[in-house]
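# Structural overview for review
Spelled out, the chains give:
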Amino acid sequence: MILRGGGLTVRYPGVAQAALCGVSVGLGRGELVAIVGPNGSGKTTLLRALVGSARLDAGQVEVEGRPLADWSARALAQVAAVVTQREDILFPLTVRETVELGRYARLGSLAEPGAIDARAVDDAMDRADVRGLATRRTDTLSGGEWQRVRIARALAQEPRVLLLDEPTAALDIRHEMEVFELVRRLAGEGIGTLLVTHHLNLAARYADRLVLLDHGAVVAEGPPAQVLTPDVVSPVFEWRVAVTSWCDGAPQIVPLKPGE
Amino acid sequence: MASPASKSRLLIAHLPGVGDGRSVCRALAAAALALLAACGTRTGTTAGGLVVVDDAGDTTRLARPAVRVVSLSPATTELMFAIGAGPVLVGRTRWCDYPAEAKAVPDVGDGIPPNIESVLAQHPDLVLLYRSPQNVDAARRFREAGAAVLQLDFNHLADVSRLARLVAPLVGHAAEGDSLATSLDRQLHQLAATRDTTHAANVLIMAWDQPPMVIGAGSFQSEILTLAGGHNVFDDVTAPSATVSIEAIAARHPAVILVSDTGVPGFARRPEWRVVPAVRDRHFLHFATPAFGRPSPRAPALVRALRDSLAAAR
Amino acid sequence: MRNRWPWLLALTLVSLVLGLALGATRIPPSAIWLGLRDASADAAPVVRQLRLPRVLLGFLVGGGLAVSGAVLQALVRNPLADPFVLGISGGATLGAVAAISAGLTNPWGVPFAAFAGAVLTLVLVYRLSLVAGRRLDSGVLLLAGVVVSSFAMALVTAILMLVDATRVQNSFRWMLGGLWAGSWTTVGMVAAYGSVPLIVLMVRARDLDLLALGEEQARHLGADPERVKRLAYLATGFLTAVAVATSGAIGFVGLLVPHAVRRLWGPLHRALLPSVFLAGGGFLVLADAIARSIAPPVELPVGVVTALVGVPFFALLLKRRLA
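What counts, and at which threshold
- Residues numbered from 1 in each chain as written.
- Chains lettered and ligands numbered in written order.
- Predicted model: local features only at pLDDT ≥ 70, side-chain atom pairs only at ≥ 80, totals over all residues.
- Heavy atoms only, no water.
- pLDDT = per-residue confidence, 0-100.
- Helix = DSSP H or I, 4+ residues; strand = E, 2+ residues; numbered from the N terminus.
- Contact = heavy atoms within 4.5 Å.
- Buried area = accessible area lost by both parts, 1.4 Å probe.
- Salt bridge = Lys/Arg side-chain N within 4 Å of Asp/Glu carboxyl O.
- Polar contact = N/O pair within 3.5 Å; in protein donor to acceptor, adjacent residues only side chain to side chain.
- Axes fitted to C-alpha atoms, helices over the stretch in contact; angles between N-to-C directions.
- Left-handed = near helix turned anticlockwise from the far one by under 90°.
- Nonpolar A, V, L, I, M, F, W, Y, C, P; charged D, E, K, R; others polar.
- Buried < 20%, exposed > 50% of the residue type's maximum accessible area, 1.4 Å probe, protein only.
- Pairing = 2+ DSSP bridges.
- Phe/Tyr/Trp six-rings, centres within 6.5 Å; stacked < 30°, edge-to-face > 60°.
- Expected span 1.5 Å × (residues − 1).
- Arc of directions from axis to C-beta.
- 1 Å grid on protein atoms, 1.4 Å probe; cavity = no way out; pocket = protein on both sides within 12 Å on 5 of 7 lines; lining within 4 Å.
- Points joined across faces, edges and corners; volume = space filled by probe spheres on them.

Bringing the confidence of the model for chain B into the picture now. Residue and element names in this part refer to chain B. For chain B, per-residue confidence averages 83 on the pLDDT scale, and residues scoring 70 or more make up 83% of the total. Per-element confidence in chain B ranges from a low mean pLDDT of 51 for helix H1 (residues 21–38) to a high of 95 for strand E4 (residues 69–71). Counting contacts from residues 1–21, a segment whose pLDDT is below 50, to residues more than four positions away or on other chains yields 29 contacts. Among the prediction metrics, the complex's ipTM stands at 0.90, with pTM recorded as 0.86.

Below, the structure written as C-alpha cells:
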C-alpha cells in the first residue's frame, strides 16, 4: 500500500454530522481507485484528509508506510501530487512556466533547473497533451485546457501517487476519455491514482476498485462489478437505476425514468 | 511705505433728530460728507448705529459699541488690549497668550474652527474671527445666534493699523484705535525711511527642516525683515511659505539664518546641511516665535531689535 | 520589448543622469561630471553631498517600495495591495507626528520615531492576524491592517487637533512625503536596513510564485505557506518601514510599478523582484527630478508627481495587449 488512510474522521466546526466517519481506504502501486458517491458524501473531504489539508479528528494516514505527520511538505510533494477541483488564476503565467512550478518539490527555492527538469516538464506536457499550448498564457485557455495543464504540473512532480478531484468535470468526451486513458497508462507505469469522480460509468470501465461513500462512510468497496449493483446504488443515490454490461464486462449504470 | 490706513478712513457722524432748519442743513451736509467718504470707507453709521464692512465683504450693524467681545485669534486679542478694549473681552482662544492680562479672559478653545458652543456660552455681541474657509460656517452660526461677526484678514503688518481703525469704534475705543494706528504708521514709515538699503544682509527665515520650509515674501515676517534692512533670499516666493530643497537654500547664499529655537538647531547637525555655508559656520539668529509669530503693535520694536541683531552679526 | 534588462538599465541610467543634472542651481553637465570626480571642484559639495545622495535615496526607496508592493500583492492575493495596506504608513505617520508635536530637537528624532511607529504597527498587525494558533490568515491580515491604520490615523488627527498651527502645518508637510532627507547617512541606513529584507525576498522568489497560487496549491506543490507568509510579511513590513521613516508615504510606486512590470514581462518573482526594484527606483528618481524642476525653488510633493505621471502611463499599459 503506497497510500493508506485508516479510521479517518473529520468534523467541520458547527456541523452536527461528521463529514467523514471512520473511513478507511488504501491505494496500491499501479492501482487506479475511484471514489464515488452522491453530492456531500465526503469525497473531497476524504481526498483532503489523505493529503493533510483537512484536520483529522480521528484516524491516521500513512504514505509509503510512514505517518503523514513525518513527511515535510517538500518530501511529500515528491511522492504525491494533487489536482484539486478548481483553481483561480490571479497572475497569469505561460503554460510552460506553470508546469515548471511543479519542479519546486525537486528543486526547492534556490537550485537552478537543469536538463533533468526540462525533460520532466516536456514529458509531463506530452502526457497531458498540452505541449502545443506551451507558450499560451493560462488566462487564455479553455476550462478543459487549464485542467490538463494542471495535470501536467502534477505530473512534473514525478509523483508515485496522483490524487485527482473531479478532473473531468469541465471536459468534453474526447478530453474526458484522454484523462482516463492517461491515468490508466500511469497506473501501468506504477503510479497509483486516486480519482474522485461523478462519472460512474467511466469509473466502472477504468478503475481497478471503486469506493462508494455515503454520508461520510464507506458503503461499498471493491471491483466495479461488485459495487455497482442496483441494490447498492439506488438507495445511496436515492434514484432507481438499472445496471447493464458493456462488452468489456464493466457494469454500466442507467438511471431509470419514473415510469420505467 | 505708504500707510494703507489711508485707504479706509473712518467717519462717524451722528445724524441729528428731527428739528429746526439748521439741523436739517447740518444733516444734509453730514449726509453729503458721509456719501463722499463712503467711496473709500469701511465703516460708517446709520441711525445712531455703527456699520462695518469686514474683509469677507459682509456688512455688520451694531446699535451701540459692543461690550461682550470674543476674540478668536491671538493677533486680534493683542490688538484689543493695545487699544484699551481688554475689559470688554469675554472670550479668547487658548493660543492667545499676550499680553499677560489676556490669560484672565475665559478660554473658549480653538480659533480655526471655533467651538460654537463655548463661544456662544459667553453671550457675545461681537465675535472677531480670523478669515478662513473653515470659519465661514462658524460666522453664519454666530450671526444666527444674534452676535455681530467680523471675519478679518490679519496677515500683514499693514493690517494692524487698518484693523485698529476698523474695530476700535465698534468697542467704543475709536480714539485709542486711531492714535495707535497713527503711531504705528508713523513708526513703520520712519523705519522704512531710515532703512540701510545698501548693506542689506541676505537672510533666510527657516520655518521647518523636515522638509525644509522657508518664509516667502507673502509673510509679515518677511516684511519685518525687509524693514529691518535685511533681504529675504526667498523674496521671489509670493506665498507666505514654501517647501524648497537644501540645494536651493545653498544656491541663494544666505549670510544669516533666522530660526525660532535657541541654541544650534537640530538640523544643523545633519551632514547634508553642511553644504550651506551659513549652517556650517553656525550663523544663526534666534527670534522667539511668539513675538515673531503674528502681526502686532510690537512690530516696530521687533524691527528695531532685528535691525540691531543684523548689524551686530555683520 | 521581449528582453527587459536593456530597457530597465536604460531607465536606471536616464533617471540617474537626470536626477543629477536637474536641481535648484543650474550646473552644466561638465561641471557635474567634474564635481563627481574631483572633491575640490566648485560643484562638488552640491553634487556629492546633496544631489547624489538624494538620487540614491530615491532609487533605494522607490525600489524598496516597488518590491514591497509586488510581494504583498502575492501575499494577500490581491492586485490592489500596496505597501501601505498593512498599516505601516499609519504607524510611521503617528510616530512622526508625535515627534513633531513634542518638539523633538534631535536631528534624527522624527525619522527614528517614524521607524518605531512603523515597526510597532507591523508587530501589532502580525499578532492580530495570528488566529487559530499559528496560522497567518491573509484575509485577517488585510482587515487587521485597515483597522490598525485607521486607529493610528485617528490618533494622528487627535494630536493635530491639540497642537498649534505651526506644528500642524509641519506635520502635514512631512506626511506628504519626499526625498528631502537625502544624505550619505540616510542612504547608508536605508541600504543597511533595507538590504537584508530585499535579499531574503529575492532568495525566496520561487516560494512567492507558489504562494501566489493560493496556500493550498502551494502546499500541494511542496512549499511551506506559513513560513513563506511570515517571512514575506516581516520582510516587506521592514522594508516599507525603512522607506517610510526616511521619506514619508510616497504613493503609487508600490502599486503601479509591480503591475506594469508583470504586465510587460510576467509575474515570476525570480526576475520580477529585481526588475521591479530597478523600475521603481528609476520611476521615483524621475518623479523627484520633475517635482524639483517644475516651479523652482518650490518643490512639489513627489507623491503628486508619481500619481500624475504614473496613472496615465498605467492606463496606456492597460490598453496594450502584449502576447
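Our focus in this paragraph is the interface of chain C and chain A. Facing 25 residues of chain C, the contacting portion of chain A comprises 33 residues. In terms of surface lost to chain A, no three residues of chain C exceed Arg206(C), His220(C) and Leu221(C), which account for 28% of the buried area on that side. Where chain C meets chain A, there are two salt bridges. Between Glu216(C) and Arg48(A) there is a salt bridge, with its nearest N and O atoms 3.3 Å apart. Counting every contact that joins chain C to chain A gives twelve residue pairs in polar contact (both at pLDDT 80 or more).

Here the focus is the packing of helix H4 (residues 88–102) of chain C against helix H11 (residues 225–247) of chain C. Residue and element names in this part refer to chain C. At a closest axis distance of 10 Å, the pairing of H4 and H11 adopts a crossing angle of 40 degrees. Of the two possible hands of crossing, H4 and H11 adopt the one that is right-handed. Across the interface between the two elements, Ile-88, Ser-89 and Ala-92 from H4 touch Gly-237, Thr-240, Ala-241 and Val-244 from H11. Residue classes in the contact of H4 with H11 are distributed as four nonpolar, three polar and no charged.

Time to look at the packing of helix H1 (residues 4–21) of chain C against helix H3 (residues 44–75) of chain C. The relative placement of two packed helices comes down to the angle between their axes together with the axis-to-axis distance. Residue and element names in this part refer to chain C. Closest axis-to-axis distance for the H1/H3 pair is 9 Å, and the angle between their directions is 145 degrees. Relative to H3, the crossing made by H1 is right-handed. Contacts from Thr-12, Ser-15, Leu-16, Gly-19, Leu-20 and Ala-21 in H1 reach Arg-51, Leu-52, Val-55 and Phe-59 in H3. Of the residues assigned to the contact of H1 with H3, the class counts are six nonpolar, three polar and one charged.

The next point concerns the pattern of salt bridges. All names here are of chain B. Taken as a whole and assessed by the stated rule, the structure comprises 45 salt bridges over all chains. Residue Asp-58 is joined to Arg-143 by a salt bridge in which the shortest nitrogen-to-oxygen separation is 3.6 Å. A residue pair is termed long-range when its members are at least 10 positions apart, and Asp-58 in the loop between strand E2 (49–53) and strand E3 (59–62) and Arg-143 in helix H4 (residues 136–144) qualify at 85 residues. Judged by its relative accessible area of 30%, Arg-143 is partly exposed.

In this section: the sheet that holds strand E5 (residues 89–92) of chain B. All names here are of chain B. The strand order across the open sheet built from four strands is E5-E4-E6-E7, with neighbouring strands paired in parallel fashion. Of all strands in the sheet, those bounded by a partner on one side alone are E5 and strand E7 (148–152). Across the sheet, the axes of successive neighbouring strands diverge by a mean angle of 20 degrees, strand direction being ignored. Bridging between strand E6 (residues 126–130) and E7 involves five bridges; their strand directions are parallel. Residue Val-127 lies in a different strand from E7, and its bridge partner there is Val-149.

With that settled, the discussion passes to the packing of aromatic side chains. Residues and elements named next belong to chain C. In the structure shown here, the tally under the stated rule is eight aromatic pairs over all chains. Ring centres 5.9 Å apart and planes at 5 degrees place the aromatic pair Tyr-126 and Tyr-233 in the stacked group. Taken together, the positions of Tyr-126 in helix H5 (residues 109–128) and Tyr-233 in helix H11 put the pair 107 residues apart, joining distant regions of the chain. Here Tyr-126 matches Tyr-233 in class, with each residue buried.

Attention now moves to the sheet that holds strand E3 (residues 32–36) of chain A. Residue and element names in this part refer to chain A. Strands sit in the order E6-E7-E8-E3-E9-E10 across an open sheet of six strands; the sheet is mixed. The open sheet terminates on both sides in strands that have one partner only, identified here as strand E6 (80–83) and strand E10 (217–222). In this sheet, neighbouring strand axes are inclined to one another by 15 degrees on average, regardless of whether the strands run parallel or antiparallel. Two elements, E6 and strand E7 (residues 161–165), share four bridges in a ladder whose sense is parallel. The partner of Val-82 across the bridge, within E7, is Leu-163. On the sheet, helix H1 (residues 43–51) packs against E3, E6, E7, strand E8 (192–196) and strand E9 (209–214) and is oriented at approximately 150 degrees with respect to E7. The strands touched by helix H10 (residues 230–237) are E9 and E10; relative to E9, the strand with the most contacts, the crossing angle is about 35 degrees.

Turning next to H1(C). All names here are of chain C. The end-to-end C-alpha distance of H1 is 26 Å, a good match for the 26 Å that 18 residues give at a rise of 1.5 Å each. Of all the positions in H1, only Arg-4, Leu-8, Thr-12, Ser-15, Gly-19 and Leu-20 are classed as buried. Angularly, the buried residues of H1 cover 125 degrees about the axis, an arc narrow enough to put them on a single face. Exposed and facing more than 90 degrees away from the buried side of H1 are Leu-13 and Val-17. On the buried face of H1, the contacting elements are helix H2 (29–37), H3, helix H12 (253–265) and helix H13 (269–293). The backbone nitrogen of Trp-5 lies 3.5 Å from a side-chain oxygen of the residue at the head of H1, namely Asn-3.

This paragraph deals with unusual backbone geometry. In the segment running from Tyr98(B) into Pro99(B), the intervening peptide bond is cis, with an omega of -5 degrees. In this structure, Pro99(B) sits in the loop between E5 and helix H3 (116–120). The omega torsion across Ile112(B) and Pro113(B) is -10 degrees, close enough to zero to call that bond cis. Looking at the secondary structure, you find Pro113(B) in the loop between E5 and H3. Even without being glycine, Arg282(B) reaches a positive phi, approximately 60 degrees. In this structure, Arg282(B) sits in the loop between helix H9 (277–280) and strand E13 (284–286). Its identity is not glycine, yet Phe252(C) carries a phi of approximately 75 degrees, on the positive side. Along the chain, the position of Phe252(C) falls in the loop between H11 and H12. Its relative accessible area of 34% is what places Phe252(C) among the partly exposed residues.

Once that is clear, we can look at empty space enclosed by the protein. Using a probe with the size of a water molecule, rolled over the atoms, empty space left in the structure can be pinpointed. Summed over all chains, the structure comprises eight cavities of 30 Å³ or more. Here the largest cavity is characterised by a volume of approximately 170 Å³. Looking at the largest cavity, it is lined by 18 residues, and the ones nearest its centre are Phe91(A), Pro92(A), Leu93(A), Ala212(C) and Leu213(C). A breakdown of the residues in the lining of the largest cavity according to their chemical character gives eleven nonpolar, three polar and four charged. Taken together, Pro212(B), Ser245(B), Ile246(B), Glu247(B), Leu50(C), Arg51(C), Arg54(C), Trp180(C), Gly182(C) and Arg292(C) make up the full set of residues lining the second largest cavity. Going through the elements one at a time, helix H8 (246–251) of chain B together with H3 of chain C are the ones with two or more residues in the lining of the second largest cavity. At three residues, H3(C) tops the list of elements feeding residues into the lining of the second largest cavity. Its residues assigned to classes, the lining of the second largest cavity comprises four nonpolar, two polar and four charged.

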